[in-house]
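Letter by letter, the chains look like this.
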Amino acid sequence: MKFLIVFVALFALAVAAPAAEEAQILRSESDVGPEGFKYSWETSDGQSAQADGHLNNAGTENESLAVRGSFSFVADDGQTYTVNYIADENGFQPQGAHLPVAPEA
């Protein structure tokens, strides 16, 4: 019975919480072709992303996609975090000032 009362109270708080304002799209661009793509976008809540990808060794058995890009967001602490990355045959390789770095081997 106590569980039910606590659950109902928490549910009531969740329902009564003010709804977050929806972000608006400020900019959105894209260009997609058979051997590559490029896109970028930005929203009113501080999020943004951009990427540029192309096909390496097109038409061969070693064909692979290589992407270079970044994304940014505003975290709960109010700071804007940015991640730059490369994604290719070597996997996803993110870099950012807030990301941990593995020690040298």
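This section reports on the structure supplied with the text. The written sequence of each chain sets the order in which its residues are numbered from 1. With the structure being a predicted model, the display of local features is reserved for residues of pLDDT at least 70 and the display and counting of side-chain atom pairs for 80 or more, all residues being used for whole-chain, interface and lining totals. Excluded from the side-chain calculation are hydrogens and water; included are all heavy atoms of the structure.

**Here's the deal with the environment of E35**
Okay, so step 1: Under the scheme used here, helices are H or I runs from DSSP no shorter than 4 residues and strands are E runs no shorter than 2 residues, and both carry numbers assigned from the N terminus. Note that E35 resides in the loop between strand 1 (25-33) and strand 2 (36-43).
Okay, so step 2: E35 sits 20 residues away from L55 along the chain, and the two C-alpha atoms are 5.2 Å apart.
Okay, so step 3: Those residues within four positions of E35 in sequence are excluded, and the remaining contacts are G53, H54, L55 and A58. Contacts are assigned to residue pairs that have any heavy atoms within 4.5 Å of one another.

**Quick word on the sheet that holds strand 2**
Okay, so step 1: Here we have 6 strands laid out as an open sheet, ordered 1-2-3-4-5-6, and antiparallel in their pairing. In the strand order of this sheet, the two ends are held by strand 1 and strand 6 (91-95), each with one partner. Ignoring which end each strand starts from, the neighbouring axes of this sheet average 10° apart.
Okay, so step 2: Strands qualify as paired when DSSP identifies two bridges or more between them. Inspection of the sheet shows strand 3 (residues 48-56) paired to strand 4 (residues 64-74) by 9 bridges, in the antiparallel sense. In the strand pairing of strand 4, A51 is matched with G69. Each axis is a line fitted through C-alpha atoms, and for a helix only the stretch in contact is used; angles between axes span 0 to 180 degrees, taken between their N-to-C directions.

**Side note on the pattern of salt bridges**
Okay, so step 1: We count a salt bridge whenever a side-chain nitrogen from Lys or Arg sits within 4 Å of a carboxyl oxygen from Asp or Glu. The full count for this structure, using the stated rule, is 1 salt bridge.
Okay, so step 2: Here E42 ties to R27 by a salt bridge, and the two come within 3.7 Å at their closest N and O atoms. Of the two residues, E42 is situated in strand 2 and R27 in strand 1; the sequence distance between them amounts to 15 residues.
Okay, so step 3: Judged by relative accessible area, E42 falls into the partly exposed class, the value being 32%. Whether a residue is buried, partly exposed or exposed follows from its accessible area with a 1.4 Å probe, protein chains only, as a fraction of its type maximum: under 20%, in between, or over 50%, in that order.

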